[in-house]
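# Coordinate analysis (summary)
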Amino acid sequence: MSPSPVGPAVGTGPAAQLALTGDLARPVRLTVPDLGAWPQHRVGVTFECATSGVRRHRFTGPLLYDVLSAAGPGFDPARRKDRLRFLIAVTGADGHHVLLSWAEIDPDFGRAPVLLAGSIDDTPLDRAGPQLVLPQDRCGARYVSGVNAIRVDGAFRAWA
């Protein structure tokens, strides 16, 4: 787990890249400026961090659902509710890992407004990489700074 769910906003060097991989028709590498192609959402959040107490921030970015949908998740149209077996693994540059279910972010089910934020408190995250933001969470443990990989996985079969 990262020491803080909110990492440095700006670093030096080239822009960070995020790899979208897995069961996708269009796997892709994205930068924070690339995330500007989707509708932007701005949220103010308050969450508890085990190492630094209560944190308050403003994040702006697209919904994770919109970004992943554009990459073409490999849902099988012949299987009723196939998307419900898909998992989303998010990894940060510091090794922090978080696992979500597709149902959490899908508007037909959980509709959680999970963001892939490109800015924190109006500071761009171009060099650090986007941040996973879960405004509905009271605890900041699932916030991932410097997201560098997201894998969509439909291979999970609980009843195999």
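Okay, so let's go over this structure. Small disclaimer: the values here were computed from a predicted structure and weren't measured.

Criteria and cut-off values
- Residues numbered from 1 in each chain as written.
- Predicted model: local features only at pLDDT ≥ 70, side-chain atom pairs only at ≥ 80, totals over all residues.
- Heavy atoms only, no water.
- Helix = DSSP H or I, 4+ residues; strand = E, 2+ residues; numbered from the N terminus.
- Buried < 20%, exposed > 50% of the residue type's maximum accessible area, 1.4 Å probe, protein only.
- Contact = heavy atoms within 4.5 Å.
- Pairing = 2+ DSSP bridges.
- Axes fitted to C-alpha atoms, helices over the stretch in contact; angles between N-to-C directions.
- Polar contact = N/O pair within 3.5 Å; in protein donor to acceptor, adjacent residues only side chain to side chain.

### Examining the overall build of the protein chain
- Counting secondary structure elements, the protein chain contains two helices and eleven strands.
- Order of helices (α) and strands (β) in the protein chain, N terminus to C terminus: β-β-β-β-α-β-β-α-β-β-β-β-β.
- Looking at the protein chain residue by residue over its 160 residues, the buried ones come to 42%.
- Looking at the protein chain alone, contacts between residues at least 24 apart form 63% of all its contacts between residues at least 6 apart.

### A short note on the sheet that holds strand E4 (residues 53–61)
- Strands sit in the order E3-E4-E8-E9 across an open sheet of four strands; the sheet is antiparallel. Edge strands, defined here as strands with exactly one partner in the open sheet, are strand E3 (41–49) and strand E9 (123–124).

### Quick look at the sheet that holds strand E1 (residues 18–22)
- Strand order in the open sheet formed by five strands is E2-E1-E11-E5-E6, and the pairing between neighbours is mixed. With one partner strand each, in any of the chains shown, strand E2 (28–30) and strand E6 (97–101) form the two edges of the open sheet. Each neighbouring strand pair of the sheet contributes to a mean axis angle of 20 degrees, computed without reference to strand direction.
- By the bridge criterion, four bridges tie E1 to strand E11 (residues 147–153) in an arrangement that is parallel. The residue of E11 that forms the bridge with Ala 19 is Ala 149.

### As for unusual backbone geometry
- One non-glycine residue, Lys 81, lies in the positive phi region at around 60 degrees.
- Relative to the elements of secondary structure, Lys 81 occurs in the loop between helix H1 (64–70) and strand E5 (87–92).
- A positive phi angle, close to 50 degrees, is found at Asp 121, a residue other than glycine.
- Tracing the backbone through its elements, the reader meets Asp 121 in the loop between strand E8 (119–120) and E9.
- When its relative accessible area of 29% is taken as the criterion, Asp 121 is described as partly exposed.

### Some details on the pairing of E5
- Pairing analysis gives five bridges linking E5 to E6, with the strands arranged antiparallel. Across the sheet, the residue bridging to Leu 87 is Ser 101, located in E6.
- In textbook terms, the turn of a hairpin is the stretch between consecutive antiparallel strands, and for E5 and E6 this stretch comprises four residues, one of which, Gly 95, has a positive phi near 90 degrees.
- Bridge count for E5 against E11 is six bridges, and the pairing is antiparallel.

### A few points about the side chain of Ser 145
- With respect to the helices and strands, Ser 145 occurs in the loop between strand E10 (131–133) and E11.
- At 3.5 Å, the side chain of Ser 145 and the side chain of Gln 131 are in polar contact.

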